[in-house]
Amino acid sequence: MAPRKPVEQELTPHMIMNAARDLFVSKGYQHVSMRQIAQKLGYSHGAIYYHFKNKAELFFALVEDHFQLLDRQLDEILKQNLEPEEKLKQIMLGFIRFGLTHQSHYEIMFLIKDKEVINYLNQGPNHTYEKFAQAVYLLTDKKTTIQEIWSVFLSMHGFVSHYLRGVNTYADVKDLAADHVRFLIKALK
């Protein structure tokens, strides 16, 4: 057995997740192996298995991490001392900004649908959507229906999906996003 080659830095789950994210987005979930992820990092594939038992678990860790990031951004907006309509506007813009600022994260969270990982994708989106729906409901004085909130969410998702990979940053469509959000808020009145 060959001796273990020295490495410059100890492999961390965060390093693995960053490499995997890029590969999942560029090649698609099915076309990425643990061996390819390890190769991209310059480690043995066994080193990856030390942190994640399989590719689906690694994918789930990515999804969970990304939804936590989105949740933290939503929590930061909810803590701000703003008028209800302004807070609602910031929540919607925050979702769009997140999607277009973290494009590869967004794709993994919402757009990769693979039979092997679909079972892993239930809790994160539901928790985040519930937080969003509750905020919209309260900020509109409990006058919005579940269907209206879902329609607003789908409209924001459609906006992000439309511009995903078509723009480099949120700043490229900032004014369009603001117009879209104004339209959505007007529709909720």
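The coordinates are above.
All values derive from a computational prediction rather than experimental measurement.

Time to look at helix 8 (residues 146-163). The end-to-end C-alpha distance of helix 8, which contains 18 residues, comes to 26 Å, matching closely the 26 Å that a straight helix rising 1.5 Å per residue would cover. Within the span of helix 8, buried status applies to Ile149, Val152, Phe153, Met156, His157, Phe159 and Val160. Here the buried residues of helix 8 occupy an arc of 155° about the axis, which is enough to place them on one side. Opposite the buried face of helix 8, by more than 90 degrees, sit the exposed residues Gln147 and His162. The positive-phi residue at the C-terminal boundary of helix 8 is Arg165, with phi of around 70°.

Let's shift gears to the packing of aromatic side chains. Scanning the entire structure with this criterion turns up 15 aromatic pairs. With a centroid separation of 5.2 Å and an interplanar angle of 75°, the aromatic rings of Tyr29 and Phe59 are classed as edge-to-face. Note that Tyr29 is positioned in the loop between helix 1 (13-27) and helix 2 (34-41) and Phe59 in helix 4 (residues 55-79), a separation of 30 residues in sequence. Residue class for Tyr29 comes out buried when judged on its relative accessible area of 3%. Relative to Phe110, the ring of Tyr106 has its centre 4.6 Å away and its plane inclined at 40°; by these criteria the two rings are tilted. Linking Tyr106 with Phe110, this pair stays in helix 6 (residues 103-111), spanning 4 residues, or about one helical turn.

The subject of this paragraph is the environment of Val63. In this structure, Val63 sits in helix 4. Given a relative accessible area of 2%, Val63 falls into the buried group. Residues Val63 and His105, spaced 42 residues apart in sequence, show a C-alpha to C-alpha distance of 7.8 Å.

A few words on the pattern of salt bridges. For the coordinates displayed, the defined rule picks out 5 salt bridges. Residue Glu85 pairs with Lys189 through a salt bridge whose shortest N-O separation is 3.1 Å. Residue Glu85 is located in helix 5 (residues 84-101), and its partner Lys189 is located in the segment after helix 9 (174-188); the two are separated by 104 residues in the primary sequence. Residue classification places Glu85 among the partly exposed residues on the basis of a relative accessible area of 44%.

So, about the packing of helix 1 against helix 2. Between helix 1 and helix 2, the shortest axis-to-axis distance is 9 Å and the interhelical angle comes to 120°. In terms of their interaxial angle, helix 1 and helix 2 are classed as oblique. By crossing handedness, the relation of helix 1 to helix 2 is classed as right-handed. In contact with Met15, Ile16, Ala19, Ala20, Asp22, Leu23, Phe24 and Lys27 of helix 1, helix 2 contributes Gln36, Ile37, Lys40 and Leu41. Residues belonging to the contact of helix 1 with helix 2 are distributed by class as follows: 8 nonpolar, 1 polar and 3 charged.

It is the contact of helix 5 with helix 6, at a shortest axis distance of 5 Å, that shows an interaxial angle of 105°. Classified by the angle between their axes, helix 5 and helix 6 sit roughly perpendicular to one another. In this structure, helix 5 contributes Phe95, Phe98, Gly99, Leu100 and Thr101 to the contact, and helix 6 contributes Gln103, His105, Tyr106, Met109 and Phe110.

Cut-offs used in this document
Residues numbered from 1 in each chain as written. Predicted model: local features only at pLDDT ≥ 70, side-chain atom pairs only at ≥ 80, totals over all residues. Heavy atoms only, no water. Helix = DSSP H or I, 4+ residues; strand = E, 2+ residues; numbered from the N terminus. Expected span 1.5 Å × (residues − 1). Buried < 20%, exposed > 50% of the residue type's maximum accessible area, 1.4 Å probe, protein only. Arc of directions from axis to C-beta. Phe/Tyr/Trp six-rings, centres within 6.5 Å; stacked < 30°, edge-to-face > 60°. Salt bridge = Lys/Arg side-chain N within 4 Å of Asp/Glu carboxyl O. Axes fitted to C-alpha atoms, helices over the stretch in contact; angles between N-to-C directions. Parallel < 35°, antiparallel > 145°, perpendicular 65-115°, else oblique. Left-handed = near helix turned anticlockwise from the far one by under 90°. Contact = heavy atoms within 4.5 Å. Nonpolar A, V, L, I, M, F, W, Y, C, P; charged D, E, K, R; others polar.

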